[in-house]
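Chains, contacts and geometry: an overview
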Amino acid sequence: MHRLSNLPYRDRKRATRELTALAPFLPPAVQNRFDLLLASSPAPEQGLHYFTRLREQHPGAFDRLTRSANGMRHLVAVFTYSRFLAEEILEHPDWAEQLLDQVDLQRVRTVEDFRIRLEYALPPGVPPPVEFAKFRRRQILRIMIRDVMGLATLPEITGELTALADVIVESAYKRIYQDLALQYGQPRSDGGEESHFAVIALGKMGAEELNYSSDIDLMFLYSENGHTSGPVSISNKEFFKRASNQLTGLLSAYSAEGMCYRVDLRLRPDGSLGEVCISVDGARNYYEKRGRDWELQMLIKARVAAGHRPTGRALLDFAEPLIYSTSLDFSAIAELSATRERLNEKLAAQKSGRSTSLGRPGGHGGIDVKLERGGIRDIEFLVQCLQRLHGGADPWVRHGGTMLALARLQDKGYLTGAEYGRLAQAYQFLRHLEHRLQFDEDRQTHRLPEAALELIARRMPGGTSAEGLRRELYHHFDAVLEMYERVVTSRPASAANQIQQDEPAEQAGGRPTAFVIQALDQRAPALAAAIARADLHRGYIPFEYFLERLSNDPARLERLNSEPELTAIALDLFEHSPYFAEDLIRRPESMDELARASIPLIQDEPPPHDATELRRWFRRAILRIETESICRSHPIFETLDKTSRLADIVIARAYEIAIGDVRSVNPPENPDYQPKNQMAAIALGRLGMREFDLGSDADLVFVLPDSDASEMVFWTRVAARLVHLITAYTGEGVLFAVDERLRPNGTAGPLVQTEGAVMEYFAHAAEAWEGITYMKSLAVAGDPKRAELFLHELQQVDWRRYGQGGRSRADLREMRARLEKEQGPSRPLKAGRGGYYDIDFLLMYLRLKSAGVFFTVLNTPARIEVLEQMGHLSRQDAQFLNDAATFYRALDHGLRVITGHAESRLPGSDAQLDALNALLRRWTPIPLLDLSRIRAETRAVFDRLFG
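Thresholds, definitions, all that
- Residues numbered from 1 in each chain as written.
- Predicted model: local features only at pLDDT ≥ 70, side-chain atom pairs only at ≥ 80, totals over all residues.
- Heavy atoms only, no water.
- Helix = DSSP H or I, 4+ residues; strand = E, 2+ residues; numbered from the N terminus.
- Buried < 20%, exposed > 50% of the residue type's maximum accessible area, 1.4 Å probe, protein only.
- Contact = heavy atoms within 4.5 Å.
- Areas by Shrake-Rupley, 256 points an atom, 1.4 Å probe, with all protein chains shown as cover.
- Core = buried A, V, L, I, M, F, W, Y, C linked by side-chain atoms within 4.5 Å.
- 1 Å grid on protein atoms, 1.4 Å probe; cavity = no way out; pocket = protein on both sides within 12 Å on 5 of 7 lines; lining within 4 Å.
- Points joined across faces, edges and corners; volume = space filled by probe spheres on them.
- Nonpolar A, V, L, I, M, F, W, Y, C, P; charged D, E, K, R; others polar.
- Phe/Tyr/Trp six-rings, centres within 6.5 Å; stacked < 30°, edge-to-face > 60°.
- Pairing = 2+ DSSP bridges.
- Axes fitted to C-alpha atoms, helices over the stretch in contact; angles between N-to-C directions.
- Parallel < 35°, antiparallel > 145°, perpendicular 65-115°, else oblique.
- Expected span 1.5 Å × (residues − 1).
- Salt bridge = Lys/Arg side-chain N within 4 Å of Asp/Glu carboxyl O.
- pLDDT = per-residue confidence, 0-100.
- Polar contact = N/O pair within 3.5 Å; in protein donor to acceptor, adjacent residues only side chain to side chain.
- Arc of directions from axis to C-beta.
- Left-handed = near helix turned anticlockwise from the far one by under 90°.

Overview of the overall build of the protein
- Broken down by element type, the protein carries 45 helices and 14 strands.
- A buried classification covers 58% of the 947 residues belonging to the protein.
- Contacts spanning at least 24 positions in sequence make up 74% of the contacts within the protein whose residues lie at least 6 apart.
- Working note: accessible area of the protein is about 36,800 Å², and carbon and sulfur atoms make up 51% of it.

Okay, structure coming up:
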């Protein structure tokens, strides 16, 4: 397979073994087709991985789906385009059955189609959030296949995604309304007429152009004031307020299937400080007397998505003349341009990527296809400007959808055919690109990561190379920006000054405004003062979102107001960790962990025996650890040790759960056999050496005593279940990734192997890199004493093969050179010249010279200390290596707490580098500016000690 031949040697060898192991399970008639499909896919190694797991976990579904040509083709698409949907198929293999119906896949599903399916799927009453989330994901699987297989146009895809959201919102509201009406009766006006409720969709949902992972921007309205008709009567305002809060909570709650939708209510009148639900009269009064220009323009995309249509239309019909009252008034367009330019200036100061002169990226932070100059937002802004410019005199151009609005502007002569073509092509290209960024992991992202450019390029319609994608991307940016600057002409200074006053706090970014501080003065004056003193920059906007989430949680808001230390920690965390800031916004209750950051969670409560609760427990525990690391400058290797021990606890508990789960369904073959802790789960890599971090993979292998080999099938099921429990993609997130491919013979070898088989493999067949990998090993589940004895014996085998005659030096040097060549350009901080791998390989080499010494657990500083005591390192070299290792681990840790995952290169923008440097100072005295020096000195020590 051509794509496999381009992989690095180790990955190519592993993928080839997987393919060889998978082949016997494929029907002969489809083997060649499978090879061709996988070879032409964007990510063949990823596809092999998921096909292997499907075969191991659901052999019946694997056989059924791979015997169908359509099933095979569509599975390859899912497994190589979307990791989160691939995980969903592994969790719900029956979902893949819809991929077999080629006729249905050709159809565009309507609102009515989705409504019928949803009502059939839901239980009576108000269902739990998981039911809506599960339905959404199942439908997205089908939509994504229609997308990547070219079975639907872009408007059809975004239309289906929007119809799906409409139906879910409508169904959720109706059930909530019925439940509330049973308690309080129907809302009625003072004249006795029924009062109604409407959901206004804004943004992309209003335009019927929803993304795969968009927020849904909503506004809630009710028709008239009054009271409910039940024995327990409440005001209509209170009734609809409860309905609005319940609807928002139901849709945005996390469940085992993730969150259904992130609901954003900040575009309502008065933004996050306004009423969650407002009367039609109140909304009319607001937009007529206080509505700012950007708020009126936002209503171009407004649409009644659910509830009582006449109620929603009453507001939109009233607002329409206000939106277009500035027709042919170029000063209005100039004002809008001023707003956009100010947002661009703030963006340029906060992110990496292109300069305002459209220069090429200066770093590796990635390009934001939505916010970049000439990107999606500029196209939408330009179209709305043209609509407002001409819409007063020509109602035909009034439409919320960008693509249809472009067509109508051309139809009326406001755009030439060439202008329409450039804008339409750019918009469709950027939206296709945005979709491929989002449906990989169901993340609301618009940033194109430089490291994944080649993969994303292959996933684009028609497929291309990284260079081809970059070239086409900038071609579209240039075309859009040229037209933007030509159509949206220069504006008077007074307009810019006016916009500066009117700019919404939600979009402004940067430092807090007096308006926001004043809004808190009444409810939380001490908190308002603390925010003002904190002088937040990067963390202000996220903290504002967090406060909005707390607006319905007065107890926690009061805690922030009355506990200065807790407030200081929260503000510090929001300023320095976007990843944990986002987590707290999603789950404001996690704030409770910040006050007890110095106390391990296990001291407060043991790890749960339920898998879902275990994920929640882990998330809370990791937040405590990282809060102490970030806000209290906890030493970096102590933080890594705490994270490692937390991972140990989770794996051990998952081990117990897995035994129970498997035993209840597939008990041991021998009815008298008592499974307890016979199988050892052995950690390698960072977890094995006590340096596990946020976003790390756990390298695990499973070993069984020879005396228990008769129950190998049972223990293999336990190991597979354990891996699934840890890695399953759920609403509570993935605990962490697990890589079990370091076992003997990789994925071609059994998942669980006997001690004798492992010993035999390492004594005669293992390659040098495999033997050396097991030098960083530790038993994390199973019988610890037996596992330690086994690892001791295995390390003796390693030493006999690699620790004598100078062989280890040559093998390690060759391995290091290969890693530097293959991974150095993409992972310079680790694999590049003078990177962390220089330290790691040097320590492994020196350790192999220590014949017969077994180290149970040693992290990098401990390894350095032992080697110094044994005379293999001078005091000066030991001190430098310890400082350099601390610097590299601190740098890696800082990148992780900013992004939530591993990064192997520095960010590209000055703002991101400043944020990283601010974190780095908390853990090491070596500044980021000294990176080049550290790399040079590390390589010098490496060369000198290797000889």
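A short note on the nonpolar core
- Within the largest apolar cluster, 138 residues are counted, with the highest numbers of intra-cluster contacts made by F543, L700, F702 and F736.
- When residues of this core are assigned to their parent elements, the largest contribution, 13 residues, is made by helix 34 (residues 636-665).
- If near-sequence neighbours (up to four positions away) are discounted, F702 is found in contact with M679, A680, A681, A719, L722, V723, L751, V752 and Q753.
- If you look at the next biggest cluster of nonpolar residues, it comprises 82 residues, including L26, F132, V167 and A305.

Here we look at the layout of surface pockets
- The computed volume of the second largest pocket comes to approximately 540 Å³.
- The wall of the second largest pocket is formed by 18 residues, among which E56, Q57, R717, A720 and R721 lie closest to the centre.
- Looking at the lining of the second largest pocket, the elements that each hand over two or more residues are helix 4 (44-57), helix 7 (83-91), helix 34 and helix 36 (712-727).
- With seven residues, the single largest contributor to the lining of the second largest pocket is helix 36.
- A per-class count over the lining of the second largest pocket returns eight nonpolar, five polar and five charged.

Examining unusual backbone geometry
- We note that R690 has phi near 65°; this positive angle belongs to a residue other than glycine.
- With respect to the element layout, R690 can be found in the loop between helix 35 (685-688) and strand 11 (698-704).
- Although it is not a glycine, N745 adopts a positive phi angle of roughly 70°.
- Checked against the element boundaries, N745 lands in the loop between strand 12 (738-739) and strand 13 (752-754).
- By relative accessible area, which is 37% here, N745 ends up partly exposed.

Side note on the packing of aromatic side chains
- The final tally for this structure, using the stated rule, is 29 aromatic pairs.
- Here the aromatic rings of Y173 and Y177 are separated by 5.9 Å at their centres, their planes lie at 50°, and the arrangement is tilted. Here Y177 and Y173 lie together in helix 11 (residues 154-184), a separation of four residues that amounts to about one turn. Y177 shares its class with Y173; the two are buried.
- Between F942 and F946, the aromatic rings sit 4.6 Å apart at their centres with planes inclined by 45°, giving tilted as the arrangement. Of the two residues, F942 and F946 both sit in helix 45 (residues 931-946), four residues apart, roughly one turn of that helix.
- F942 sits in the buried class, given a relative accessible area of 3%.

Quick word on the pairing of strand 2 (residues 197-202)
- Among the six residues in strand 2, six count as buried, and that is most of the element.
- A two-sided burial pattern is seen for strand 2, the buried positions comprising F197, V199 and A201 on one face and A198, I200 and L202 on the other.
- One ladder, built from six bridges, connects strand 2 with strand 3 (residues 216-222); its direction is antiparallel. Its bridge partner being in strand 3, F197 is matched across the sheet by Y222.
- Bridge count between strand 2 and strand 7 (residues 303-307): four bridges; the pairing is antiparallel. Its bridge partner lying in strand 7, A198 is registered against G307.

Section: the packing of helix 6 (residues 69-81) against helix 7
- Contact pair helix 6 / helix 7: the axes reach a minimum separation of 6 Å and the direction vectors enclose 125°. Regarding the angle of helix 6 to helix 7, the classification is oblique. Residues L75, V78, F79 and Y81 of helix 6 touch helix 7, and the partners they reach there are R83, L85, A86 and I89.
- Residues of the contact of helix 6 with helix 7, tallied by class, amount to seven nonpolar, no polar and one charged.

Looking at the environment of H475
- Summarising the element assignment, H475 is placed in helix 22 (residues 466-487).
- The exposure class of H475 is exposed, given its relative accessible area of 51%.
- Residues H475 and A426, spaced 49 residues apart in sequence, show a C-alpha to C-alpha distance of 8.7 Å.

Examining helix 10 (residues 129-148)
- End to end, helix 10 covers 29 Å across 20 residues, agreeing with the expected 28 Å (1.5 Å per residue, within 8%).
- Of all the 20 residues making up helix 10, 15 are buried; the element is thus mostly covered by neighbouring parts of the structure.
- Within two residues after helix 10, G150 carries a phi angle of roughly 70°, on the positive side.

Topic: the pairing of strand 3
- Counting buried positions along strand 3 yields seven of seven residues, so the element is predominantly enclosed.
- With burial as the criterion, each face of strand 3 is covered, one bearing I216, L218, F220 and Y222 and the other bearing D217, M219 and L221.
- Examined bridge by bridge, strand 3 and strand 5 (residues 263-264) share two bridges and lie parallel to one another. Paired with D217 across the two strands is D264, which belongs to strand 5.
- Pairing of strand 3 with strand 6 (residues 277-279), which is carried by three bridges, proceeds in the parallel orientation. Across the sheet, Y222 pairs through a bridge with S279, a residue of strand 6.

Considerations on the pattern of salt bridges
- Scanning the entire structure with this criterion turns up 74 salt bridges.
- Its salt-bridge partner being D604, residue R624 comes within 2.8 Å of it at the nearest N-O pair. Within this pair, whereas R624 is found in helix 33 (residues 611-631), its partner D604 is found in helix 32 (residues 601-604), the two being separated by 20 residues in sequence.
- Among the residues examined, R624 registers a relative accessible area of 4% and is labelled buried.
- The residue D648 makes a salt bridge to R690 at a minimum N-O spacing of 2.6 Å. Pair noted here: D648 is in helix 34 and R690 is in the loop between helix 35 and strand 11, with a separation of 42 residues, a long-range link. The pair formed by D648 and R690 is uniform in burial state, with each residue classed as buried.
- Through salt bridges with shared partners, a single ionic network connects D104, R107, R109, D113, R142, R146 and E160.

Notes on the confidence of the model for the protein
- Chain-level statistics for the protein give a pLDDT mean of 85 and a share of 87% at 70 or above.
- Every residue in residues 326-331 scores below 50 in pLDDT, and together they form eleven contacts with partners more than four places removed in sequence or on other chains.
- Between residues 489-515, whose pLDDT stays under 50, and residues either more than four places distant or in other chains, the model counts 49 contacts.

With respect to the environment of R813
- Looking at the secondary structure, you find R813 in helix 40 (residues 807-823).
- Exposure remark for R813: the relative accessible area of 30% places this residue in the partly exposed category.
- The spatial distance from the C-alpha of R813 to the C-alpha of F946 is 8.1 Å, given a sequence separation of 133 residues.
- Reaching out from R813, the side chain makes a polar contact with the side chain of D943 at a distance of 2.8 Å.

Things to note about helix 14 (residues 280-289)
- Among all positions in helix 14, only V280, A283, Y286 and Y287 are buried. Across the axial projection of helix 14, the buried residues extend over an arc of 125°, all falling on one side. Those residues of helix 14 that are exposed and angled more than 90 degrees off the buried face are D281, E288 and K289.
- The inward-facing, buried residues of helix 14 abut strand 3, strand 6, helix 15 (293-298) and helix 16 (309-323).

Focus on the packing of helix 9 (residues 111-121) against helix 11
- Their axes nearest at 9 Å, the elements helix 9 and helix 11 cross at an angle of 45°. As judged from the angle between their axes, helix 9 and helix 11 are oblique. Handedness of the crossing formed by helix 9 with helix 11: right-handed. Contacts between helix 9 and helix 11 pair V111, F114, R115, L118 and E119 from the former with E160, A163, L164, V167, I168, S171 and R175 from the latter.

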